[in-house]
Amino acid sequence: MAAAVVLLAGTLMCQPAATPAAQAVPAQDWLHTQGNKIVDEAGKEVWLTGTNWFGFNTSERVLHGLWSGNLQQITKSMADRGLNVVRIPISAQLLLEWSNGQTIMPNVNTNANPDLAGLNNLQVFDRFLALCEQHGLKVFLDLHSAEADNAGHVYPLWYKGSITTENVYQAWSWVTNRYKTNDTIIGADLKNEPHGQWSETLFAKWDNSTDPTNFKHFAETAAQRILAINPKLLIFVEGTEVYPKDGVSWTSKNKDDWYSNWWGGQLRGVAQQPINLGQYQHQLVYSPHDYGPLVYEQPWFTGDWNRTTLERDVWDPNWLYIHKQGIAPLLIGEWGGFMDGGRNQKWMMALRDLIKEQHLHHTFWVLNPNSGDTGGLLKDDWVTWDEAKYTLLKSALWTQGTKFVSLDHQVRLGGAGSTTGISLSEATGGSGPVDTTPPSTPTALTAGTATSTSIPLTWAASSDDGSGIAGYDIYRGTTLVGTSTTPAYTATGLTPSTTYSFTVRARDVAGNVSAASTAVTATTAAGQSTGSCSVQYRTNDWSGGFTGTIRITNTGTTALAGWTLGFTFPSGQLLSNGWSATWTQTGTSVSATALSWNGTLAPGAVVEVGFNATSPGANTAPTTFTLNNNPCSTT
């Protein structure tokens, strides 16, 4: 249980909690490692399954969303929905400011947060910790960047400008000392995504040198300083971006000499040059990041890739071997993205399944809806949850039976009165789900009336005697194309006059998956003839983003019963959200599929749809548009 947090004269002060006498479970919640597992002070295995919430790392210097959302409500909703740990990005600059007594009055909606009125940003942070303690949540800090900057993570190293490596060590020392008796904060992620390519002037390396760009040396030094103050904190160490192949020097300028991965995801160096924390080795956790094709089209997303190829070609050689060989535990510090119904969702489900099967610790990216390249678990109002995304994540959260498990021995996840969570002392055994029986196989899979680009599917609901049905996975052939929480799904983005085969599998809350249903085949309707549509594309631009408006006219002689508009972003634009259609983006390809109320387009009729997107530079307009895979003229 976290140390008590007391409000005195408008300032939140951290004080040690009194230690109860003769308890059968640890009085505090500090964690350490055993092989590839994380355990409590009594040796009981735990499972860290949570999310990220950014804002303290940015120029606003406070959690994002408090301009509209209620801090207590958001915090409690995370706990109620089974997230037991929150990774909080910060900056070295912010910690240095706080250590010097420099605070700001943050952008907080005090109508929504009356209890935050008059509090500076450090006091808001302490209030957040108190709420986490109240609801059974744990926190670890992530040094996201040197400077307090919304794009600070783009800089490859842990130092920048006037903020030196020594300043970063001092920042970590200060925050560790301030909260050393508060076991709500259980760990330190030393630096977010050290990166850089071999061809760049500055890039993070991993070897046994003391070079200023050597991330391994920085991590070992920072960890030793932190652990000298609080030897019970977990130390999370990410990877780099590149690593030289066997026998190759770090000075090589030949691209074929290098392995490359996501920023922070390259941990090949651990095999030959592991992090050495000496007497504190049992506090070490490696923490790679992994993303899907909507964040960046990595080479392993070309061709016919799947869960097997990802594990064999990417995850195993870069970081998963650390877990499989029992070297140390893994916590995937960032993973997540848009539910696009396609390749990105396919990647998310593959990694989710790996996390469940291997019991990998993880913090999903991200709670914030304002993450441009991934979206968030919360929608723009900071109240409503993206239920489809949460359903995907839910089966990778720590549950026993139907209850979510807290990392706090005394406080249930969700708080003292929680009916959805239990405390760590109430959990039995280790972190494995107790339900191992799959749900019943879906039956009566039926295809409804098809359009030229979509096929509706329904089936009889499955049953489950254990943890309950979490949802269904829908396959087109052998490709996972979507999920549903109800026994119905509409496959979209299909080709006219084409026959498809579908099967469905049921999933329970514990992650067990049923056998596949009997396959059903269906054929899409014929498409409209070429030249029977026109499109008007207009944008309203601002720095870094724009709103797009598209007017679609049916210039043909027959009505369209269902339509999908397709086009390609030519300049790296990324879709954020849209309206009047179901919007998806896969790589550079964008599609907008009709909704029920505007799906019928009579001859001469016009429908208008729109979207918001980000643009890294020049916002070049798409040159071609298709409607149901047929070219449209532009006006």
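Residues numbered from 1 in each chain as written. Predicted model: local features only at pLDDT ≥ 70, side-chain atom pairs only at ≥ 80, totals over all residues. Heavy atoms only, no water.

**Student:** Whenever I open this one, empty space enclosed by the protein confuses me. Can you help?
**Tutor:** Picture a little ball the size of a water molecule; that probe, rolled over the atoms, points out where space is still empty. The tally for this structure, following the rule as stated, stands at 2 cavities of 30 Å³ or more. Taken together, Leu 141, Trp 172, Val 175, Thr 176, Tyr 179, Lys 180, Ile 185, Gly 187, Ala 188, Ile 226, Asn 230 and Leu 233 make up the full set of residues lining the largest cavity. When contributions to the lining of the largest cavity are tallied by element, the ones reaching two or more residues are helix 4 (165–178) and strand 9 (185–189). Taken together, the residues of the lining of the largest cavity break down into 8 nonpolar, 3 polar and 1 charged. (1 Å grid on protein atoms, 1.4 Å probe; cavity = no way out; pocket = protein on both sides within 12 Å on 5 of 7 lines; lining within 4 Å. Points joined across faces, edges and corners; volume = space filled by probe spheres on them. Helix = DSSP H or I, 4+ residues; strand = E, 2+ residues; numbered from the N terminus. Nonpolar A, V, L, I, M, F, W, Y, C, P; charged D, E, K, R; others polar.)

**Student:** I keep staring at the layout of surface pockets and nothing clicks. Help me out?
**Tutor:** Taken as a whole, the second largest pocket spans an internal volume of roughly 1,200 Å³. What lines the second largest pocket is a set of 43 residues, among which His 153, Val 295, Gly 372, Asp 373 and Leu 574 lie closest to the centre. Here the residues of the lining of the second largest pocket are counted per class, giving 14 nonpolar, 24 polar and 5 charged.

**Student:** Got a minute to help me understand the nonpolar core in this structure?
**Tutor:** In terms of nonpolar packing, the biggest core is built from 131 residues, with Leu 48, Trp 53, Ile 88, Leu 190 and Tyr 286 touching the most fellow members. Setting aside residues no more than four positions away along its own chain, Leu 190 makes contact with Leu 143, Trp 172, Phe 218, Ala 219, Ala 222, Ala 223, Ile 226, Ile 235, Phe 236 and Val 237. In terms of nonpolar packing, the next biggest core, distinct from the first, is built from 25 residues, Ile 552, Leu 565, Leu 575 and Phe 625 among them. (Core = buried A, V, L, I, M, F, W, Y, C linked by side-chain atoms within 4.5 Å. Buried < 20%, exposed > 50% of the residue type's maximum accessible area, 1.4 Å probe, protein only. Contact = heavy atoms within 4.5 Å.)

**Student:** Teacher, can you tell me more about the sheet that holds strand 21 (residues 469–476) here?
**Tutor:** Note: strands within a sheet are paired through backbone hydrogen bonds, in either parallel or antiparallel orientation. What the 4 strands build is an open sheet, ordered 22-21-24-25; its pairing is antiparallel. The open sheet is flanked by strand 22 (479–484) and strand 25 (520–523), the only strands paired with a single partner. Along the sheet, successive strands turn relative to each other by an average axial angle of 30°, direction set aside. As defined by bridge partners, strand 24 (residues 499–508) adjoins strand 25 across 4 bridges and the pair is classed as antiparallel. The residue bridging Thr 499 from the neighbouring strand is Thr 523, located in strand 25. With respect to the sheet, helix 7 (residues 343–358) is in contact with strand 21, strand 22 and strand 24, its orientation differing from that of strand 22 by roughly 85°. (Pairing = 2+ DSSP bridges. Axes fitted to C-alpha atoms, helices over the stretch in contact; angles between N-to-C directions.)

**Student:** Before we go on, may I ask you to explain the packing of aromatic side chains in this structure?
**Tutor:** The relation between two aromatic rings is expressed through the spacing of the ring centres and the mutual angle of the planes. Tallied over the full model, the rule gives 38 aromatic pairs. Ring centres 5.7 Å apart and planes at 45° place the aromatic pair Trp 98 and Phe 125 in the tilted group. Residue Trp 98 is located in helix 2 (residues 92–99), and its partner Phe 125 is located in helix 3 (residues 121–134); the two are separated by 27 residues in the primary sequence. Where Tyr 243 meets Trp 250, the ring centres are 5.6 Å apart and the plane angle is 85°; that geometry is what we call edge-to-face. Residues Tyr 243 and Trp 250 agree in their burial class; the two are buried. Counting every residue linked through ring pairs, the aromatic cluster contains Tyr 537, Phe 546, Phe 567, Phe 569, Trp 583, Phe 611 and Phe 625. Sitting over the ring of Trp 305, Lys 346 keeps its end group 4.2 Å from the ring centre. The aromatic ring of Tyr 475 is capped on one face by Arg 505, whose charged end is 5.9 Å from the ring centroid. (Phe/Tyr/Trp six-rings, centres within 6.5 Å; stacked < 30°, edge-to-face > 60°. Lys NZ or Arg CZ within 6 Å of the ring centre and 35° of its normal.)

**Student:** Would you mind going over helix 1 (residues 71–80) with me for this structure?
**Tutor:** In an α-helix, one turn spans 3.6 residues, which is why side chains three or four residues apart end up on the same side. All of the buried residues in helix 1 are Leu 71, Ile 74, Thr 75, Ser 77, Met 78 and Ala 79. Looking at the packing, one finds that the buried side of helix 1 touches strand 6 (49–52), strand 7 (85–91) and helix 3. Near the N-terminus of helix 1, the side chain that reaches the backbone nitrogen of Gln 72, with its oxygen 3.0 Å away, is that of Asn 70. Within two residues after helix 1, Gly 82 carries a phi angle of roughly 95°, on the positive side. (Polar contact = N/O pair within 3.5 Å; in protein donor to acceptor, adjacent residues only side chain to side chain.)

**Student:** Even after reading the chapter, I still don't get the side chain of Arg 352, so can you show me in this structure?
**Tutor:** Here Arg 352 lies in helix 7. With sequence-adjacent residues up to four places away left out, Arg 352 is seen in contact with Trp 335, Leu 392, Ser 395, Ala 396, Asp 473 and Arg 507.

**Student:** When you look at the environment of Trp 335 in this model, what are you seeing that I'm missing?
**Tutor:** Structurally, Trp 335 is set in the loop between strand 14 (331–332) and helix 7. A residue is classified by how much of its surface remains accessible, and Trp 335, at 0% relative accessible area, is buried.

**Student:** Help me out: how do you make sense of unusual backbone geometry in this one?
**Tutor:** What you tend to see is this: most non-glycine residues have negative phi, and most peptide bonds are trans. Here the amide bond leading from Trp 365 into Val 366 is cis, since omega sits at 20°, within 30 degrees of zero. For Val 366, the location among the structural elements is in the loop between strand 15 (361–364) and helix 8 (387–394). Even without a glycine there, the phi angle at Ser 497 is positive, about 55°. Among the secondary structure elements, Ser 497 is positioned in the loop between strand 23 (488–491) and strand 24.

**Student:** Looking at this structure, I do not really get the pattern of salt bridges. What am I missing?
**Tutor:** Once the charged atoms of two side chains with opposite charge are near each other, the side chains can pair. What the rule picks out here adds up to 30 salt bridges. With its nearest N and O atoms 3.1 Å apart, the salt bridge here joins Arg 87 to Glu 238. Of the two residues, Arg 87 is situated in strand 7 and Glu 238 in the loop between strand 10 (234–237) and strand 11 (242–244); the sequence distance between them amounts to 151 residues. Residues Arg 87 and Glu 238 agree in their burial class; the two are buried. For Glu 166, the salt bridge identified is with Arg 225, shortest N-O distance 2.8 Å. Here Glu 166, found in helix 4, pairs with Arg 225, found in helix 5 (residues 215–229); they are 59 residues apart in sequence, far enough to count as distant. (Salt bridge = Lys/Arg side-chain N within 4 Å of Asp/Glu carboxyl O.)

**Student:** What exactly am I supposed to notice about the packing of helix 6 (residues 307–324) against helix 7 here?
**Tutor:** Pairs of packed helices are described in terms of their axes, by the angle between the two and the distance that separates them. The geometry of helix 6 relative to helix 7 is characterised by a closest axis approach of 12 Å and an angle of 40° between their N-to-C directions. Classified by the angle their axes make, helix 6 and helix 7 are oblique. When the axes of helix 6 and helix 7 are compared, the crossing they make is right-handed. In this structure, helix 6 uses Arg 307, Leu 310, Glu 311, Trp 315, Trp 319, Leu 320, His 323 and Lys 324 to contact helix 7, whose residues at the interface are Trp 347, Ala 350, Leu 351, Asp 353, Leu 354, Glu 357 and Gln 358. Here the contact of helix 6 with helix 7 is composed, by residue class, of 8 nonpolar, 2 polar and 5 charged. (Parallel < 35°, antiparallel > 145°, perpendicular 65-115°, else oblique. Left-handed = near helix turned anticlockwise from the far one by under 90°.)

**Student:** What am I meant to see in the confidence of the model for the chain here?
**Tutor:** Note that predicted coordinates carrying low pLDDT should not be read in detail. Across the chain, pLDDT averages 91, with 94% of residues at or above 70. Low pLDDT, under 50, characterises residues 1–23; the predicted model gives this stretch 57 contacts beyond four residues in sequence or across chains. (pLDDT = per-residue confidence, 0-100.)

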